[in-house]
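Residue-level listing of the chains:
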Amino acid sequence: RQKNIAIAASHVSNQFENDDFILEDVPHLTNFLPDLPSYPNPVQKSQAYSIVKRTFVSPEDVVAQNIVIQKDSPRGVHFRRAGPREKVYFKPEEVRACIVTCGGLCPGINTVIREIVCGLNNMYGVQDILGIEGGYKGFYSKNTLRLTTKLVNDIHKRGGTFLRTSRGGHDTHKIVDNLEDRGINQVYIIGGDGTQKGAALIYEEVKKRGLQVAVAGIPKTIDNDIAVIDKSFGFDTAVEEAQRAINAAHVEVESVENGVGIVKLMGRYSGFIAMYATLASRDVDCCLIPESPFYLEGRGGLFEFIERRLKENGHLVIVVAEGAGQEYVAAEVLATAEKDASGNKLLLDVGPWLSDKIKDHFTNFQKMAINMKYIDPTYMIRAIPSNASDNIYCTLLAQSAVHGAMAGYTGFTIGPVNSRHAYIPIARVTERTNTVKLTDRMWARLLASTNQPSFVASDQERVDTDNEVMKT
Ligand code: ATP
Ligand code: MG
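As the structure is a computational prediction, the values presented were derived from the model and not from experiment. (Residues numbered from 1 in each chain as written. Chains lettered and ligands numbered in written order. Predicted model: local features only at pLDDT ≥ 70, side-chain atom pairs only at ≥ 80, totals over all residues. Heavy atoms only, no water.)

### Details of the site of ligand 1
Inference 1: Near ligand 1 you find 20 residues, and of these Gly104, Gly168, Asp193, Thr195 and Ser342 are the closest.
Inference 2: At 2.5 Å, a side-chain N or O of Ser342 approaches an oxygen atom of ligand 1.
Inference 3: In isolation ligand 1 has 620 Å² of accessible area, and contact with the protein removes 84% of it.
Inference 4: With 6 residues, the single largest contributor to the shell around ligand 1 is helix α6 (residues 193-209).
Inference 5: In terms of residue class, the shell around ligand 1 is made up of 3 nonpolar, 12 polar and 5 charged. (Near = heavy atom within 4 Å. Polar contact = N/O pair within 3.5 Å; in protein donor to acceptor, adjacent residues only side chain to side chain. Areas by Shrake-Rupley, 256 points an atom, 1.4 Å probe, with all protein chains shown as cover. Helix = DSSP H or I, 4+ residues; strand = E, 2+ residues; numbered from the N terminus. Nonpolar A, V, L, I, M, F, W, Y, C, P; charged D, E, K, R; others polar.)

### What about helix α15 (residues 441-450)?
Inference 1: Looking at α15, one finds that the buried residues are Trp443, Leu446, Leu447 and Thr450. Summarising the axial view, the buried residues of α15 lie within an arc of 100°, below the 170-degree limit, and thus occupy one face. In α15, the exposed positions angled more than 90 degrees off the buried face are occupied by Arg441 and Ala448.
Inference 2: Where the residues of α15 are buried, they touch α8 (272-281), β13 (286-288) and α9 (302-313).
Inference 3: Positive backbone phi, at 60°, marks Asn451, one or two positions downstream of α15. (Buried < 20%, exposed > 50% of the residue type's maximum accessible area, 1.4 Å probe, protein only. Arc of directions from axis to C-beta. Contact = heavy atoms within 4.5 Å.)

### Some details on the packing of helix α2 (residues 109-124) against helix α13 (residues 388-406)
Inference 1: Packing of α2 against α13 brings their axes to within 8 Å, and their N-to-C directions diverge by 50°. One way to sum up the angle between α2 and α13 is to call them oblique. Both α2 and α13 take part in a crossing whose hand is right-handed. On α13, the residues that touch Thr111, Val112, Glu115, Ile116, Gly119, Leu120, Met123 and Tyr124 of α2 are Asn391, Cys394, Thr395, Ala398, Gln399, Val402, His403 and Met406. (Axes fitted to C-alpha atoms, helices over the stretch in contact; angles between N-to-C directions. Parallel < 35°, antiparallel > 145°, perpendicular 65-115°, else oblique. Left-handed = near helix turned anticlockwise from the far one by under 90°.)

### Some words on the packing of aromatic side chains
Any two aromatic rings considered together are summarised by their centre-to-centre distance and by the angle between their planes.
Inference 1: On inspection of all chains with the given rule, the structure shows 8 aromatic pairs.
Inference 2: On the numbers, 5.5 Å between centres and 85° between planes, the contact of Phe235 with Tyr276 is edge-to-face. Highlighted residues: Phe235 in helix α7 (residues 235-254) and Tyr276 in helix α8, separated in sequence by 41 residues.
Inference 3: Exposure remark for Phe235: the relative accessible area of 4% places this residue in the buried category.
Inference 4: Judged by relative accessible area, which is 31%, Tyr276 ranks as partly exposed. (Phe/Tyr/Trp six-rings, centres within 6.5 Å; stacked < 30°, edge-to-face > 60°.)

### As for the packing of α8 against α15
Inference 1: The geometry of α8 relative to α15 is characterised by a closest axis approach of 10 Å and an angle of 45° between their N-to-C directions. With respect to α15, the axis of α8 lies oblique. Where α8 crosses over α15, the two elements pack in a sense that is left-handed. Contacts between α8 and α15 involve Met275, Tyr276, Thr278 and Leu279 from the former and Met442, Trp443, Arg445, Leu446 and Thr450 from the latter.

### Regarding the nonpolar core
Inference 1: Counting residues in hydrophobic clusters, the biggest one holds 112 residues, and the most contacted among them are Ile99, Ile116, Tyr188, Ile218 and Phe233.
Inference 2: Beyond its immediate sequence surroundings of up to four residues, Tyr188 is in contact with Ala97, Cys98, Ile99, Val100, Ile116, Leu120, Ala216, Ile218, Ala401, Val402 and Ala405.
Inference 3: Counting 27 residues, the second-largest nonpolar core is a separate cluster that includes Phe305, Ile318, Val320 and Val329. (Core = buried A, V, L, I, M, F, W, Y, C linked by side-chain atoms within 4.5 Å.)

### Brief notes about the sheet that holds β13
Inference 1: Ordered in space as β13-β14-β12-β15, the 4 strands form an open sheet in which the pairing is parallel. At either end of the open sheet lies a strand with only one pairing partner, and these are β13 and β15 (371-375). Each strand axis lies, on average, 15° off the axis of its neighbour in the sheet, ignoring direction.
Inference 2: With 7 bridges joining them, strand β12 (residues 259-265) and strand β14 (residues 315-321) adopt parallel strand pairing. Bridge pairing in β14 links Gly259 to His315. (Pairing = 2+ DSSP bridges.)

### Details of helix α5 (residues 172-182)
Inference 1: Within the span of α5, buried status applies to Thr172, Ile175, Val176, Asn178 and Leu179. Looking straight down α5, one finds its buried side chains confined to an arc of 155°; they lie on one side.
Inference 2: Against the buried residues of α5 lie β7 (96-101), α3 (138-141), β10 (186-191) and α6.

Following this line, the structure appears as structure tokens:
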């Protein structure tokens, strides 16, 4: 079997001499510190693992990215399975770990923080854990906080991040200088795509300086737009909490004549929250996501659909993801090139734009009075603590990150691939985002459930239809 394993030296997708089996490996400290001593893993002696039958994951255990394959087709890309290894490259008493959280809020961050602290302490006996306050900037401009299991015991019950967060301010050299000054040798970085790019730079700089520092990324995105991994933490909670907003919109519009409810949900480039919230709810008549272009006027357009549903049911609810219809909004609202402190483009707000368009159309063109109810629950959703399933998920992420760093892996990020947790090269999760595939079955399931228009008519067809209407 060993013969079949082709290891990806560059840590990014590649074809190898044997393309039947590709292992996209993560870096290990011994790659640049070959003489680093190893020690028996103390986890076996911990209370937690004392009766576990198969304590260690073999370094050869891998997780397949494609689990549905045809007979005789190549086995494709694999990642190293996460979990405790027989050998570790840190003596627990010599570990000085730190945790930092960056980017926007997401349910579950506090659970991840808590479980990194508890995992390091309860499984490995590590005592020295620092919290870096206020994101990357906190490395050189803020105080640190000593994290103990007692201090973090209850933090998972609160939303937000116990360590606070920020955007911008990533200075790789200053951060690594700071790691050296403080004697930190394990860095746990919780954050989104920008944060993980920053983590990759920290890893590169650490490697350049030949430091024995393990850098572990825990990917955070409420939008579920991280490639490779099954889903991101907080996503389940977001979908669940979105039900409350959808329900409120439904109650409102059901109680009035010609009620039109619009709920704007998160999803800058990926419509997963809107799609799953719609599939979960059954009160949603139409779901608009960034991946599926829609149009308002003409045959098969949104206005026609709204009119039909109002005639049939007297009300309707639309869920719109924040990134949907940006091309229209940008064309009408004075497009600004505004960016946030991290350099992300600020999106124009589709929610009020869509509400105004619908109101205007029905009042001025259809001469039909409608009752518009617009709800934007974004901050309410982001701020809540994670639900039961996300709490379990966050625990696995945190413990896998701890096992990985103790085992000497570095420059890695962690996540479930086909429900098995794996160590994934950071570049693999930052090089592209995960989006809803309109050609996959999930979107078809949504269309089948809502019976909304698919908006697939080409522009040309629409023009023809409009002309026909005008001619008649
Ligand atoms: P989210 O978008 O989910 O809120 P994020 O991690 O993408 O999370 P950002 O505000 O983009 O949020 O970035 C967080 C931190 O990462 C900031 O401190 C920022 O300076 C840093 N960062 C962002 N992009 C990069 C990059 N390309 N290289 C280095 N650091 C980066
Ligand atoms: Mg981001």
